[in-house]
Amino acid sequence: MQIDIVQGDITKLKVDAIVNAANTSLFGGGGVDGAIHAAAGPELLAECRKLRATTYPDGLASGLAVATGAGNLPARWVIHTPGPNRHVGQTSTRVLSNCFTNSLYVASRRGATSIAFPAIGAGAYGWDPEEVALIAAEAIRNWFDTYRHVTSLHRVVLVAYNTDVEAAFHKAFDTPRTDSELIHGH
Ligand code: APR
């Protein structure tokens, strides 16, 4: 499994699935959510509205993930996952970890071979980029420990929008795992 860390705009990446740091309404917003909807075009919002009218009438709970098409984006799918919003007291690292884990499950079930993640939660939702990066690294490594030999996924891209987040991703992903993490997964 190949892990790449890049700085740039996730909407430009030619990977099978890009992950959207969505909100629970699925109706778009600012940050990466706004950029993805703007680049994908109106059909993305139309597909999200259909999800709200059917599978997720009350919206998508934080930590869950759902795939849609990608409209005009170079990617094949957008995987929407709302992170926990620290500003309203949602400080569960488990829920943030679930955003990464569930996005991998959803992408793998679609047969994706590559997936790109932004720093979910590290913008409007107030999480420290270093903490997001550590949570992402643990979730992604643990998932591949279990599914490496059965998943279609073989490339994970961590997309930073600025140098601080890029440094946080490198710090988290370039640090070798301790024996305890390798044995116990944490
Ligand atoms: N490509 C890659 N990363 C991006 C992009 C982009 N085009 N735009 C922003 N980012 C980065 C931010 O710099 C931050 O590091 O994505 C990270 C997540 O920031 P947000 O997009 O603000 O996401 P989040 O903190 O999870 O807040 C989600 O904000 O936009 C609303 O509808 C969204 O309510 C939801 C909330």
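Residues numbered from 1 in each chain as written. Predicted model: local features only at pLDDT ≥ 70, side-chain atom pairs only at ≥ 80, totals over all residues. Heavy atoms only, no water.

Chemist: Explain the state of the cysteines to me, using residue names and the numbers behind them.
Modeler: Applying the stated rule across the entire model yields zero disulfides. Here Cys48 stays unpaired: no disulfide links it, and the sulfur of Cys99, its closest cysteine neighbor, is 15 Å away. Its relative accessible area of 0% is what places Cys99 among the buried residues. (Disulfide = S-S within 2.5 Å. Buried < 20%, exposed > 50% of the residue type's maximum accessible area, 1.4 Å probe, protein only.)

Chemist: Run through helix 3 (residues 93–109), naming residues and quoting values.
Modeler: The terminal C-alpha atoms of helix 3 lie 24 Å apart, and with 17 residues this matches the ideal 24 Å at 1.5 Å per residue to within 8%. Structurally, helix 3 contributes buried residues whose contacts are with strand 2 (17–22), strand 3 (66–69), strand 4 (77–82), strand 5 (114–117) and helix 4 (129–147). One side-chain oxygen of the residue at the start of helix 3 lies 3.2 Å from the amide nitrogen of Arg94, identifying that residue as Ser92. Directly after helix 3, the chain includes Gly111, whose backbone phi takes a positive value near 85 degrees. (Helix = DSSP H or I, 4+ residues; strand = E, 2+ residues; numbered from the N terminus. Expected span 1.5 Å × (residues − 1). Contact = heavy atoms within 4.5 Å. Polar contact = N/O pair within 3.5 Å; in protein donor to acceptor, adjacent residues only side chain to side chain.)

Chemist: Break down the site of the ligand for me, citing the residues and quoting the values.
Modeler: In the vicinity of the ligand lie 22 residues, with Asn23, Gly30, Val32, Asp33 and Gly123 positioned nearest. Asn23 places a polar side-chain atom, nitrogen or oxygen, 2.8 Å from an oxygen atom of the ligand. The separation between an oxygen atom of the ligand and a polar main-chain atom of Ala124 is 2.8 Å. Within the residue set of the shell around the ligand, elements represented by two or more residues are strand 2 and helix 1 (31–40). No other element matches the four residues that helix 1 contributes to the shell around the ligand. Each residue belonging to the shell around the ligand can be placed in one class, and the counts come to twelve nonpolar, eight polar and two charged. (Near = heavy atom within 4 Å. Nonpolar A, V, L, I, M, F, W, Y, C, P; charged D, E, K, R; others polar.)

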